[in-house]
Amino acid sequence: MAKKEVLRVEHVGMKFNLSQEKVDDLKDYIIKLIKHQISYNEFWALKDVSFSLNKGDRLGILGLNGAGKSTLLKVIAGVLKATEGTVTSKGKIAPLLELGAGFDQQYTGRENIYLYGAVLGFSKKFLDEKLDEIIEFSELGKFIDVPVKNYSSGMKSRLGFSVATLVEPDILILDEVLSVGDAKFRKKSEAKIMSMFDKGVTVLFVSHSLDQVKRLCNKAILLEKGRIIADGSIEDVSKIYLEKTK
């Protein structure tokens, strides 16, 4: 049976302009901009990145800090618009990137479930039905009715993960999200992701834990300075990555 392609990334480049000037405030910036005293360095976080994934593929994205891993995920998720190239996807994408970034600090955890859920496209009725499940999975207990501004970063991530993984997506994008919380919660999070694999979800995964990537993924790409320098099975690419980290 022919494999079904669900994601194609073609010649993607992402350029950022880095200001070389020291600017003290907005007024100073505007004056310098008008006088053409602002100059920029071009920085390509990604350059000519191309690959495709079929349904059920689980891709690990490896690379040292600053290689462009998170930028690539954000481009695929639609958070950033590529400077050049195209991303074509089929089906629903669930990006688990900066978990809890959409929370309102003044609202309680319970209120933020509805707020964050609405941002992710869930109906109130669906969230009503899933509320107990979300609270139980997040392990927040009585803290669910405490304002999020009093949460630790781990508590916010646990709540974000619990809401974001309600959906059954076609493409799942994971950026370091399986490192949140304590060891017990990390194990539970990984088990939840593994259960989604059984339904044929396609995964793009970034983690600093090579063991975790090898456990969850069947193929990989290796990024260096925004370019793919290796592409293939997780075993082959991880060997090249390990050589680079020596």
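Scroll up to find the structure this text is about.
The text that follows walks through the structure, step by step, so that each part is easy to find. Fair warning: this is a prediction, and the values are worked out from it, not measured in the lab.

## Here we look at a nonpolar patch on the surface
Here is step 1 of the chain: A grouping of Leu26, Ile30 and Ile34 is seen on the molecular surface, where their side chains present a nonpolar patch of about 330 Å² in accessible area.
Here is step 2 of the chain: Within the secondary structure layout, Ile30 lies in helix α1 (residues 26-34).

## A few points about the packing of helix α3 (residues 109-119) against helix α4 (residues 124-138)
Here is step 1 of the chain: For the pair α3 and α4, the least separation of the axes is 10 Å and the interaxial angle reads 130°. Classified by the angle between their axes, α3 and α4 sit oblique to one another. Like other packed secondary-structure pairs, α3 and α4 cross with a definite hand, here right-handed. In contact with Arg110, Ile113, Tyr114, Gly117 and Ala118 of α3, α4 contributes Lys124, Leu127, Asp128, Leu131, Ile134 and Ile135.
Here is step 2 of the chain: In terms of residue class, the contact of α3 with α4 is built from 7 nonpolar, 1 polar and 3 charged.

## Remarks on the packing of helix α5 (residues 153-164) against helix α6 (residues 183-197)
What describes two packed helices is the angle between their axes and the distance between those same axes.
Here is step 1 of the chain: Two numbers describe how α5 lies on α6: the axes approach to 12 Å, and their chain directions differ by 15°. If you check the angle between α5 and α6, you find them roughly parallel. The handedness of the crossing between α5 and α6 comes out as left-handed. Contact residues: Arg158, Phe161 and Ser162 in α5; Phe185, Ser189, Lys192 and Ile193 in α6.
Here is step 2 of the chain: Residue classes in the contact of α5 with α6 are distributed as 3 nonpolar, 2 polar and 2 charged.

## Concerning the packing of aromatic side chains
Here is step 1 of the chain: Scanning the entire structure with this criterion turns up 5 aromatic pairs.
Here is step 2 of the chain: For the pair Phe161 and Phe185, a centre-to-centre distance of 6.2 Å together with 75° between the ring planes defines the contact as edge-to-face. Residue Phe161 is found in helix α5, and its partner Phe185 is found in helix α6; the two are separated by 24 residues along the sequence.
Here is step 3 of the chain: On the basis of relative accessibility, which here comes to 0%, the residue Phe161 falls in the buried class.
Here is step 4 of the chain: Note on Phe185: relative accessible area 0%, which makes it buried.
Here is step 5 of the chain: An aromatic cluster is built from Phe137, Phe161 and Phe185, whose rings are joined through pairwise contacts.
Here is step 6 of the chain: Positioned above the aromatic ring of Phe185 is the side chain of Arg158, whose terminal nitrogen or guanidinium carbon lies 5.7 Å from the ring centre.
Here is step 7 of the chain: Against the face of Phe137 rests Lys192, its NZ or CZ located 5.3 Å from the ring centre.

## Section: helix α8 (residues 234-245)
Here is step 1 of the chain: Taking 1.5 Å of rise per residue, 12 residues should cover 16 Å, and α8 covers 16 Å from first to last C-alpha, within 8% of that figure.
Here is step 2 of the chain: Turning to α8, its buried residues number three or more, namely Ile234, Val237, Ser238 and Tyr241. Within α8, the buried residues cover an arc of 100° as seen down the axis, which keeps them to one side. Pointing more than 90 degrees away from the buried face of α8 are the exposed residues Lys239 and Glu243.

Definitions and cut-offs
Residues numbered from 1 in each chain as written. Predicted model: local features only at pLDDT ≥ 70, side-chain atom pairs only at ≥ 80, totals over all residues. Heavy atoms only, no water. Patch = residues over 30% accessible without salt bridge, like charges linked within 9 Å, V, L, I, M, F, W, Y side chains within 5 Å. Areas by Shrake-Rupley, 256 points an atom, 1.4 Å probe, with all protein chains shown as cover. Salt bridge = Lys/Arg side-chain N within 4 Å of Asp/Glu carboxyl O. Helix = DSSP H or I, 4+ residues; strand = E, 2+ residues; numbered from the N terminus. Axes fitted to C-alpha atoms, helices over the stretch in contact; angles between N-to-C directions. Parallel < 35°, antiparallel > 145°, perpendicular 65-115°, else oblique. Left-handed = near helix turned anticlockwise from the far one by under 90°. Contact = heavy atoms within 4.5 Å. Nonpolar A, V, L, I, M, F, W, Y, C, P; charged D, E, K, R; others polar. Phe/Tyr/Trp six-rings, centres within 6.5 Å; stacked < 30°, edge-to-face > 60°. Buried < 20%, exposed > 50% of the residue type's maximum accessible area, 1.4 Å probe, protein only. Lys NZ or Arg CZ within 6 Å of the ring centre and 35° of its normal. Expected span 1.5 Å × (residues − 1). Arc of directions from axis to C-beta.

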